[in-house]
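Chain by chain, the residues:
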Amino acid sequence: MARSRSEERKAEIVRAALEVIAERGYRGASLGAVAERVGLTQQGLLHYFPTKEALLVAVLEERDRWDTSGGRDRERWRLDLMESLVEYNAMRPGIVQTFSALLGESVTEDHPARTFFTERYTQVRENMADVLRAEFGDELPGGLSPERAAPLLTAVMDGLQFQWLLDPGAVDMPAAFRDFLRLLGADGAPAGHETGGQPGNGRKNED
């Protein structure tokens, strides 16, 4: 029972951290602010998360439970749903800022988020390959296999976030992602969207 209560308390802290980050941004999200929101002292919060980095990694894991296969059935992911996810991310800059800041820092040795991001990208590339295979079959219109195109799709999604955070007035993240989907489709759109084709064959319906 005590263990269950501890897990509930940790989940409460993570939700509070998400709220504080959304309101104040990455730099303004102090441990003290999060502790105050859940009725703890900062020392009390450190009992559950010994460092700010540990708490932020927990926030990222929670974000992934909402956004990726951890929170939705893997079979339900399609390119149009990913487009909706990009639009959703454009409405929560604080969370995106946290993700991007930690991602940039995690390339250094011994960073507490390095393992999280390494494992995350392995899973994301697999998921993206599955999405692309469901849309186009074993070969995209440009000739790439889903496995070869998956890192490119992943890079576009995360790279757009960096550009949007730096200059949101110049970069329309959802529109730019839609443009990339048109490039993937080669003939104007992914299969089954605007071409009238059937999902998975990457061609227009000629019947």
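Summarised in this report is the structure supplied together with it. These numbers were taken from a predicted model, which means no experiment stands behind them.

**Looking at the packing of helix H6 (residues 93-105) against helix H8 (residues 146-166)**
Alright, step 1. Between H6 and H8, whose axes approach to 10 Å, the crossing angle comes to 115°. The orientation of H6 relative to H8 falls into the category roughly perpendicular. Of the two possible hands of crossing, H6 and H8 adopt the one that is left-handed. Between H6 and H8, the residues in contact are Pro 93, Val 96, Gln 97, Phe 99, Ser 100 and Leu 103 and Asp 158, Gln 161, Phe 162, Trp 164 and Leu 165, respectively.
Alright, step 2. Looking at side-chain class alone, the contact of H6 with H8 contains 7 nonpolar, 3 polar and 1 charged residues.

**Quick word on helix H7 (residues 114-136)**
Alright, step 1. The end-to-end C-alpha distance of H7, which contains 23 residues, comes to 33 Å, matching closely the 33 Å that a straight helix rising 1.5 Å per residue would cover.
Alright, step 2. Among the residues of H7, Phe 116, Phe 117, Arg 120, Tyr 121, Val 124, Asn 127, Met 128, Ala 129, Val 131, Leu 132, Glu 135 and Phe 136 are the ones counted as buried.
Alright, step 3. A positive phi of about 85° marks Gly 137, the residue just after H7.

**Remarks on empty space enclosed by the protein**
Alright, step 1. Overall, the coordinates contain 2 cavities of 30 Å³ or more when judged by the stated rule.
Alright, step 2. Estimated volume of the second largest cavity: approximately 50 Å³.
Alright, step 3. Lining of the second largest cavity is provided by Ala 17, Ile 21, Ala 29, Ser 30, Leu 31, Val 34, Lys 52, Leu 55 and Leu 56.
Alright, step 4. At the level of elements, helix H1 (2-28), helix H2 (31-37) and helix H4 (52-67) are the ones that each hand at least two residues to the lining of the second largest cavity.
Alright, step 5. Broken down by element, the lining of the second largest cavity gets its largest block of residues, 3 residues, from H4.

**A few points about the environment of His 47**
Alright, step 1. In this structure, His 47 sits in the loop between helix H3 (42-46) and H4.
Alright, step 2. When the C-alpha positions of His 47 and Lys 10 are compared, they lie 9.9 Å apart, and in sequence the two are 37 residues distant.

**Topic: the pattern of salt bridges**
Alright, step 1. Going through the model one piece at a time under the given rule, you end up with 9 salt bridges.
Alright, step 2. Across the salt bridge formed by Asp 80 and Arg 78, the nearest N and O atoms sit 2.9 Å from each other.
Alright, step 3. Overall, the relative accessible area of 26% leaves Asp 80 in the partly exposed class.
Alright, step 4. Taking relative accessible area as the criterion, Arg 78 reaches 41% and is therefore assigned partly exposed.
Alright, step 5. When salt bridges that share partners are traced, they join Glu 19, Glu 23 and Arg 37 into one network.

**Some points on the environment of Glu 87**
Alright, step 1. Note that Glu 87 resides in helix H5 (residues 79-89).
Alright, step 2. Linking Glu 87 and Asp 172, residues 85 residues apart in sequence, is a C-alpha distance of 9.7 Å.
Alright, step 3. Discounting chain neighbours no more than four positions away, the residues touching Glu 87 are Pro 174 and Arg 178.

Here is what the cut-offs are and how they apply
- Residues numbered from 1 in each chain as written.
- Predicted model: local features only at pLDDT ≥ 70, side-chain atom pairs only at ≥ 80, totals over all residues.
- Heavy atoms only, no water.
- Axes fitted to C-alpha atoms, helices over the stretch in contact; angles between N-to-C directions.
- Helix = DSSP H or I, 4+ residues; strand = E, 2+ residues; numbered from the N terminus.
- Parallel < 35°, antiparallel > 145°, perpendicular 65-115°, else oblique.
- Left-handed = near helix turned anticlockwise from the far one by under 90°.
- Contact = heavy atoms within 4.5 Å.
- Nonpolar A, V, L, I, M, F, W, Y, C, P; charged D, E, K, R; others polar.
- Expected span 1.5 Å × (residues − 1).
- Buried < 20%, exposed > 50% of the residue type's maximum accessible area, 1.4 Å probe, protein only.
- 1 Å grid on protein atoms, 1.4 Å probe; cavity = no way out; pocket = protein on both sides within 12 Å on 5 of 7 lines; lining within 4 Å.
- Points joined across faces, edges and corners; volume = space filled by probe spheres on them.
- Salt bridge = Lys/Arg side-chain N within 4 Å of Asp/Glu carboxyl O.

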